[in-house]
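Remarks on the overall topology
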Amino acid sequence: MRRIRSLRREAVGQAYCSTANLGAGFDCFGLALNKYSDRVQIRFTQLNKIRLAVKGAYSYGVPKDSNQNSAGPPAVALLERARLKKGLFITIDKNVPQGLGLGSSGATAAACTKTLDHLLDLRLSDDELVRVASLGERAVAGTAHADNVGASLLGGFVIVFDNPVRTISIKPPSKLRIVVATPGLRPRRNKTRIARGLVPRRIETEKALLNVGRASAIATGFSRGDIELIGAAMSDEIAEPRRSRLIPSYDNVKRLAFEAGASGVAISGAGPSLAALVDETRHSPRMVSRAMVQGFAQKGVQASSFVARPAPEARIVRSR
Ligand code: HSE
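Residues numbered from 1 in each chain as written. Predicted model: local features only at pLDDT ≥ 70, side-chain atom pairs only at ≥ 80, totals over all residues. Heavy atoms only, no water.

1. Things to note about the overall build of the protein chain
Along the protein chain, the regular secondary structure elements total 10 helices and 11 strands. Computed over C-alpha atoms, the radius of gyration of the protein chain comes to 19 Å, within 12% of the 20 Å expected from 2.2 N^0.38 for 320 residues, which places it in the range of a compact globule. Seen through its C-alpha atoms, the protein chain measures out along the principal axes to roughly 60 × 40 × 35 Å. Counting the 320 residues in the protein chain, one finds 55% classified as buried. Considering only intrachain contacts with a sequence separation of at least 6, the fraction spanning at least 24 residues in the protein chain is 76%. Put simply, the protein chain shows about 14600 Å² of open surface, and 47% of that area lies on carbon and sulfur atoms. (Helix = DSSP H or I, 4+ residues; strand = E, 2+ residues; numbered from the N terminus. Rg over C-alpha atoms; globule rule 2.2 N^0.38 Å. Buried < 20%, exposed > 50% of the residue type's maximum accessible area, 1.4 Å probe, protein only. Contact = heavy atoms within 4.5 Å. Areas by Shrake-Rupley, 256 points an atom, 1.4 Å probe, with all protein chains shown as cover.)

2. Concerning the site of the ligand
Around the ligand, the surrounding shell consists of Ala20, Asn21, Phe26, Asp27, His145, Asp147, Asn148, Thr192, Arg196, Arg243, Gly269 and Ala270. Contact between the ligand and Asp147: a nitrogen atom at 2.5 Å from a side-chain N or O atom of the residue. Arg196 places a side-chain nitrogen or oxygen 2.7 Å from an oxygen atom of the ligand. When the ligand is considered free in solution it has 260 Å² of accessible area, and contact with the protein chains removes 95% of it. For the shell around the ligand, the elements supplying multiple residues, two or more each, are helix 4 (147-154) and helix 5 (191-197). Partitioning the shell around the ligand into residue classes produces three nonpolar, five polar and four charged. (Near = heavy atom within 4 Å. Polar contact = N/O pair within 3.5 Å; in protein donor to acceptor, adjacent residues only side chain to side chain. Nonpolar A, V, L, I, M, F, W, Y, C, P; charged D, E, K, R; others polar.)

3. A closer look at the environment of Arg196
Inspection of the secondary structure puts Arg196 in helix 5. For Arg196 and Ala141, which are 55 residues apart along the polypeptide, the C-alpha to C-alpha distance reads 7.9 Å. Ignoring any residue separated from it by four or fewer positions in sequence, one finds Arg196 in contact with Phe26, Asp27, Ala141, Thr143, His145 and Arg243. Side-chain polar atoms of Arg196 contact the side chain of Asp27, separated by 2.6 Å.

4. Remarks on the pattern of salt bridges
For side chains bearing opposite charge, pairing can occur when the charged atoms are close. Inspection of the entire model under this criterion finds 10 salt bridges. The salt bridge partner of Arg81 is Glu128, with a shortest N-O separation of 2.7 Å. Here Glu128 lies in helix 3 (residues 126-141) and Arg81 lies in helix 1 (residues 72-82), a separation of 47 residues in the sequence. Glu128 sits in the partly exposed class, given a relative accessible area of 24%. Here Asp279 and Lys175 are joined by a salt bridge, their closest N and O atoms 3.9 Å apart. (Salt bridge = Lys/Arg side-chain N within 4 Å of Asp/Glu carboxyl O.)

5. Side note on the environment of Asp127
When you line up the elements, Asp127 lands in helix 3. Sequence separation between Asp127 and Val160 is 33 residues; the distance between their C-alpha atoms is 8.9 Å. Those residues in contact with Asp127, other than ones at most four positions away along the chain, are Val165, Arg166 and Thr167.

6. Thoughts on helix 6 (residues 205-224)
Taking 1.5 Å of rise per residue, 20 residues should cover 28 Å, and helix 6 covers 28 Å from first to last C-alpha, within 8% of that figure. Inspection of helix 6 places Asn211, Arg214, Ala215, Ala217, Ile218, Ala219, Gly221 and Phe222 among the buried residues, and these make up the whole buried set. Looking at the packing, one finds that the buried side of helix 6 touches strand 2 (29-45), strand 5 (157-161), strand 6 (166-170), strand 7 (176-183) and helix 7 (227-232). Immediately downstream of helix 6, the backbone of Gly225 shows phi near 70°, a positive value. (Expected span 1.5 Å × (residues − 1).)

7. Looking at the nonpolar core
In this structure, Ile42, Leu88, Ile90, Leu116, Leu120, Val130 and Leu153 are the most contacted members of the largest nonpolar core, which totals 39 residues. Residue contacts for Ile90: discarding those within four places in its chain leaves Val40, Gln41, Ile42, Ile50, Arg51, Leu52, Ala53, Ala75 and Cys112. (Core = buried A, V, L, I, M, F, W, Y, C linked by side-chain atoms within 4.5 Å.)

8. A short note on the sheet that holds strand 7
Spatially, the four strands line up as an open sheet ordered 8-9-7-10, and their pairing is antiparallel. In this open sheet, the two strands that pair with only one neighbour each are strand 8 (264-267) and strand 10 (303-308). Each adjacent strand pair in this sheet contributes to an overall mean axis angle of 20°, direction not counted. The pairing of strand 7 with strand 9 (residues 274-279) spans six bridges and is antiparallel. The residue bridging Ala181 from the neighbouring strand is Leu274, located in strand 9. (Pairing = 2+ DSSP bridges. Axes fitted to C-alpha atoms, helices over the stretch in contact; angles between N-to-C directions.)

9. With respect to the packing of helix 3 against helix 4
Between helix 3 and helix 4, the least distance of the axes is 8 Å, while the angle of their chain directions is 130°. As far as their axial angle goes, helix 4 and helix 3 are oblique. The handedness of the crossing between helix 3 and helix 4 is right-handed. When helix 3 is examined against helix 4, the residues Asp126, Leu129, Val130, Ala133, Ser134 and Glu137 are found in contact with a partner set consisting of Asn148, Val149, Gly150, Leu153 and Leu154. Counted by class, the contact of helix 3 with helix 4 contains six nonpolar, three polar and two charged residues. (Parallel < 35°, antiparallel > 145°, perpendicular 65-115°, else oblique. Left-handed = near helix turned anticlockwise from the far one by under 90°.)

See the structure below:
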């Protein structure tokens, strides 16, 4: 059995929510948003099991069974990695709303992974942290997609690629604002699992080529700080054509967002929110936000919206 070098008994970590995909980067791109964040407190216990408690503004309906909560599998994996026979008591302060397409489960998994890596003094690399955190997504969505956890852990714009997953993290341009508009649909249980079931298992080469080209342009746009280039490449041929049918007024909201000055618009993660990228030195994010809400309203759908900036990486808030 391994001895922990530090004497830490408990720690609290925080990770922000995120928007995944950005259109052409299905399952490969994540962008952390500074609107909501989850906090996870972890302490060691003598009982040889993982217990969860969930509190906070959006705790309702969050599973407390550690196999079904995105905090559980990363915690198990890290304890195994540390070869430590101890129990954990994990308290999730759930402040990222679920079911909106803002990487809620990813934020919890990221905060848990960051905190436990610290407590166990494992000092995992960024890539390893993202791999571990993605195990939490498998518990919730059926697959270990790493785009949301990548962004929540590393902050800013993150590319996840390859198997096993590797990551590239790029600092977004400081003038970038992200407008998120959410139709007031009743959140579905297992929404992400269902939305992932809509993604075609096979795609034509022609469509794959379009996505590869656009995704490359988006990545280049982030490297160059070119918001117009990022926005111009945000269309998707893989997931969005099928998922957009579930979002009332999708075309109308997109059109109005562009007219109000958005550089690009895509479904945020598995939806139903739409995320628009805006260069705030050229256009008003508030106007884009209003236009998107209006776009939903024109088709009789009530919606809410907010404007966010790219968020920093997950961090340890407290440790003793
Ligand atoms: N890339 C994932 C998807 C994000 O679109 O299904 C889900 O949160």
